[in-house]
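Working through the structure, step by step
Residue strings, one per chain:
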Amino acid sequence: MKKTIGILIISMLLVFLTGCASDKKEDAAQKQAQLQTITLGLMPDVDSIPFIIAEEKGYFKEEGLSVTLKHFKSAMERDSALQSGNLDGAVSDMLAEAFAKAGGFDTVITSLTTGSYKLVVNKDETATSIQELKGKDVAISKNTIIDYVTDKVVTEGGLTSAEINKVVIPQIPARLEMLQNGKIAAATLPDPLATVAVKNGAKVIRTSEQLGLNPGVLLFTSKAVSQKEKEIQAMYRAYSKAVDYLSKEPMENYIDLLIEKGGFPKDVKGVLVLPQYKKAAAPQQQDIDDVVAWLQARQLIQKKYLYTDLVDTRFVR
């Protein structure tokens, strides 16, 4: 009798647990059915890593959200996809947002991302300071975050922008290759490609972190912000989970994933140092003002945009 009762209790418990699991799956499925898909553009940089982790670890699905991640090698390719309506949002930068507004394309910054940019010289270059780069070739992507960071680094080092020879190489992998082949003296690169350059002998002259620069952002089209508000909120919840994961998990447990899914070079394995990722937050007023002033000084935009013209803080309050 006791044995029969015991079996009955165990059976009821199994039914209960199975039911709970089924309920959770049904809840997730119902959420996903209610939410639209978000399509995000990523770059081969460390800003994009939390999104790759969120997809791989199932954090988007936990929020009932379907996210399509598309990878780009240059800012130009990314912006073209955004403006043609193939993306809802993208890992981008403050300059790209101002350019979009000036061009009549309606996007808004919804938060900062966490990135790292380094001005490095090739392994055979004798220059060890900004001053010693005077008159030498420095590879950039023109009128982008790379150009902006380069100017800030150079100015802080005591030169003017005109005192270096900027060589325009839009695609980041091509810029790295030119540097490593000794075709250019220096280049400004985002991580992880800056790490690859250093592993192969390049030397760091200055970094964005040393200057307190953080102009990387996530932006969305205004259409997406108005029509997919719940989806973007769910995306940010998944992003926060990914940031928590990155703060605790040893990189060796996911570096192969970044190489496979993020398109990171195999050379980063064992040497990549990630920035300290932070939960999504709004940009600082001063950082926006500095970017707008830089663009205006170079006559790249005419209007002096206000913070509220470029930033929508509803998702990170």
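Residues numbered from 1 in each chain as written. Predicted model: local features only at pLDDT ≥ 70, side-chain atom pairs only at ≥ 80, totals over all residues. Heavy atoms only, no water.

Considering the pairing of strand β10 (residues 216-221)
Side chains on a regular strand alternate between the two faces of the sheet. Counted residue by residue, β10 has six buried out of six residues, so it is predominantly covered. Residue alternation in β10 divides its side chains into two sets, G216, L218 and F220 and V217, L219 and T221, and both sets are buried. The sheet contact formed by strand β4 (residues 107-112) and β10 spans five bridges and is antiparallel. Note on β10: the bridge partner recorded for T107 is T221. (Buried < 20%, exposed > 50% of the residue type's maximum accessible area, 1.4 Å probe, protein only. Helix = DSSP H or I, 4+ residues; strand = E, 2+ residues; numbered from the N terminus. Pairing = 2+ DSSP bridges.)

Brief notes about the pairing of strand β3 (residues 89-93)
With respect to burial, β3 is a largely interior element, five of its five residues being buried. By the alternation rule, side chains of β3 split into G89, V91 and D93 and A90 and S92, which are all buried. Both strand β1 (residues 38-42) and β3 contribute to a ladder of two bridges, which runs parallel. Considered in β3, the bridge of L40 is made with G89. In this sheet, β10 lies alongside β3 in antiparallel orientation, the contact comprising five bridges. The residue bridging S92 from the neighbouring strand is V217, located in β10.

Re the side chain of T188
Along the chain, T188 falls in strand β8 (residues 186-190). Setting aside its immediate chain neighbours within four residues, T188 contacts K118, L119, A139, I146, V149, T150 and R175. (Contact = heavy atoms within 4.5 Å.)

Re the sheet that holds β10
Overall, mixed pairing links the five strands, which are arranged β2-β1-β3-β10-β4 in an open sheet. Two strands bound the open sheet, and with one partner strand each, they are β2 (67-71) and β4. Each strand axis lies, on average, 30° off the axis of its neighbour in the sheet, ignoring direction. (Axes fitted to C-alpha atoms, helices over the stretch in contact; angles between N-to-C directions.)

Let's talk about the pattern of salt bridges
A full pass over the atoms with the stated rule returns 20 salt bridges. With its nearest N and O atoms 3.9 Å apart, the salt bridge here joins R78 to D93. Residue R78 is located in helix α4 (residues 75-83), and its partner D93 is located in strand β3; the two are separated by 15 residues in the primary sequence. Each member of the pair R78 and D93 is classed as buried. A salt bridge links E229 to R314; the shortest N-O distance between them is 3.3 Å. Taken as a pair, E229 in helix α11 (residues 229-248) and R314 in the segment after α14 (307-310) lie far apart in primary sequence, 85 residues in all. Taking the relative accessible area as the measure of exposure, E229 reaches 32% and is therefore partly exposed. On the accessibility criterion, R314 (30% relative accessible area) is partly exposed. Where salt bridges share partners, they join E62, E63, R237 and K241 into one cluster. (Salt bridge = Lys/Arg side-chain N within 4 Å of Asp/Glu carboxyl O.)

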